[in-house]
Amino acid sequence: MFRWLALLAVTSVVWAVMAALGLSAAALFASLVVAAVFAVRGFGPDRLPRPAGMLAQGILAVSVGLMVDTETLSALGSSWLPALGVCIATLVVSVAAGMLLAFHRDVDALTGALSMIAGGAQGLVAVSRELGGDERMVAVVQYLRVGLIIVTMPLVATLVFGAGTSGAASTGSGETPWYVDLLVVAGAIVVGIVVARLIRLPAPATLGPLAVSMGMELSGWIDGVTAPTVLLPIAFVLIGWQAGLAFTRDSVRAVGRVMPWAVALILVVGGVCALLGLLLSHVAGISLLEGYLATTPGGLSAVLAVSAASGANVTFVAAVQVVRLVIMLFAAPFGAKVFLALRARRSRNAERENASVG
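Predicted model only: the values in this text are computed from it and were never measured.

What counts, and where the lines are drawn
- Residues numbered from 1 in each chain as written.
- Predicted model: local features only at pLDDT ≥ 70, side-chain atom pairs only at ≥ 80, totals over all residues.
- Heavy atoms only, no water.
- Phe/Tyr/Trp six-rings, centres within 6.5 Å; stacked < 30°, edge-to-face > 60°.
- Buried < 20%, exposed > 50% of the residue type's maximum accessible area, 1.4 Å probe, protein only.
- Axes fitted to C-alpha atoms, helices over the stretch in contact; angles between N-to-C directions.
- Helix = DSSP H or I, 4+ residues; strand = E, 2+ residues; numbered from the N terminus.
- Parallel < 35°, antiparallel > 145°, perpendicular 65-115°, else oblique.
- Left-handed = near helix turned anticlockwise from the far one by under 90°.
- Contact = heavy atoms within 4.5 Å.
- Nonpolar A, V, L, I, M, F, W, Y, C, P; charged D, E, K, R; others polar.
- Core = buried A, V, L, I, M, F, W, Y, C linked by side-chain atoms within 4.5 Å.
- Salt bridge = Lys/Arg side-chain N within 4 Å of Asp/Glu carboxyl O.

S.K.: Got a minute to help me understand the packing of aromatic side chains in this structure?
M.R.: How two aromatic rings sit relative to each other is given by the distance of their centres and the angle of their planes. One pass over the full model with this rule turns up three aromatic pairs. Taking 6.4 Å as the distance between ring centres and 90 degrees as the angle between the ring planes, the aromatic pair formed by F38 and F43 counts as edge-to-face. Residue class for F38 comes out buried when judged on its relative accessible area of 12%.

S.K.: Explain the packing of helix α5 (residues 80–101) against helix α6 (residues 109–116) to me, please; I cannot follow it from the model alone.
M.R.: For any two helices packed against each other, one specifies the inter-axial angle together with the distance between the axes. One way to put it is that α5 packs onto α6 with a least axis distance of 7 Å and a crossing angle of 135 degrees. Judged by the angle between their axes, α5 and α6 are oblique. Regarding α5 and α6, the two cross each other, and that crossing is right-handed. Residues S94, A97, G98, M99 and L101 of α5 pack against A109, G112, A113, S115 and M116 of α6. Tallied by class, the residues present in the contact of α5 with α6 amount to six nonpolar, four polar and no charged.

S.K.: Just checking my understanding: could you explain the nonpolar core for this structure?
M.R.: One recurring pattern in soluble globular proteins is that nonpolar side chains are buried together. Formed by 70 residues in total, the largest nonpolar core has its most connected members in M116 and Y143. If we skip the residues at most four places from it in the chain, M116 touches S94, A97, G98, L101, V141, Q142, L265, I266 and V269. By size, the runner-up hydrophobic cluster in this structure holds 13 residues, among which are A83, C87, A284 and V323.

S.K.: Honestly, the pattern of salt bridges in this entry has me stumped. Any pointers?
M.R.: Side chains that differ in sign of charge can pair as their charged atoms come close. If you walk through the whole model with that rule in mind, you get four salt bridges. Ionic pairing is found between D106 and R257, a salt bridge with its closest N-O pair at 2.8 Å. Taken together, the residues span a long stretch of sequence, with D106 in the loop between α5 and α6 and R257 in helix α12 (residues 249–284) at a distance of 151 residues. Taking relative accessible area as the criterion, D106 reaches 22% and is therefore assigned partly exposed.

S.K.: How do you make sense of unusual backbone geometry when you look at a structure like this?
M.R.: Most peptide bonds adopt trans geometry, and most residues besides glycine take a negative phi value. Backbone geometry places R200, a non-glycine residue, at a positive phi of 60 degrees. Its place among the elements puts R200 in the loop between α9 (178–198) and α10 (204–219).

S.K.: How should the packing of α12 against helix α13 (residues 288–295) be read in this particular structure?
M.R.: Following both chains from N to C, one finds α12 and α13 inclined at 130 degrees, their axes separated by 7 Å at the closest point. The angle between α12 and α13 falls in the class oblique. Helix-helix and strand crossings are classified by hand; for α12 and α13 the assignment is right-handed. Contact residues: α12 offers C273, A274, L276, G277, L278, L280 and S281, while α13 offers L288, G291, Y292, A294 and T295. Here the residues of the contact of α12 with α13 sort into eight nonpolar, four polar and no charged.

This is the structure in structure tokens:
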């Protein structure tokens, strides 16, 4: 218990400092860094309890699911097909970059793909261990991607596309009491996990609540419901602890060796996504700035802030970003399941061939 209290106390202090400095996702970065230091020094708990990890996955999944409403999707209008095509192309480019990352001796193919998938960084880190990847590598590369995007995206938007900075993003608020929001979130998590396990979905703590919350939102049953604001920081801290506590001295050295290669690939993916944004702007008849913001591979809150400040079509940008996020979160578990099945089958075939030769 003392170790958990110490971890919580230090995380809170570092979180407060990072928040005061204006760093994005301060709760997540603080918990990851503190837990990793504790683990490497031998001070921290052994691991995050599995129910806590599943709770974090569920909270994130429901938060994303509640974003997928009819108003957001209708913003795509007649441009829904090119927008969907760009999202799928981003997935393909991300996975291809992951395969290139896997050429490094410290990264396997599944970990490389999960590390480079452009969207849902927190969710991908939360499920990476369950899917068979190295959550430590996934966490560092994913958060590195988010950090690079948050730093470079406003600069590119301003210097290349002439975005202004006079406005401010509006986050909005829910129309229902907080206890109703909490009950809906809890219900979607419980029902989603139970159903997902019954039908044997991969990553049931993510895909189950995501599907249930999306279904309820699109049906209009829970109009005005949002995830209570206090829940997301809790989920971020749990996810950061889960990944951080798994670090060892050897894994820290491995991550350090991978970083230069990962940074190069992240920049390449960002460049390709910018080109996809130019294509989307031409096909959908939107501005170059809106195309770029809509296809930026991550940093959703920063993207929406720049969109609002520059007078861009925030609703369209948000719609494309949310669709991409949902596609990534659904594709990763199913893709991982297929990959592991193929790898297991190749191993069995190789064993049979060796047995027959012997």
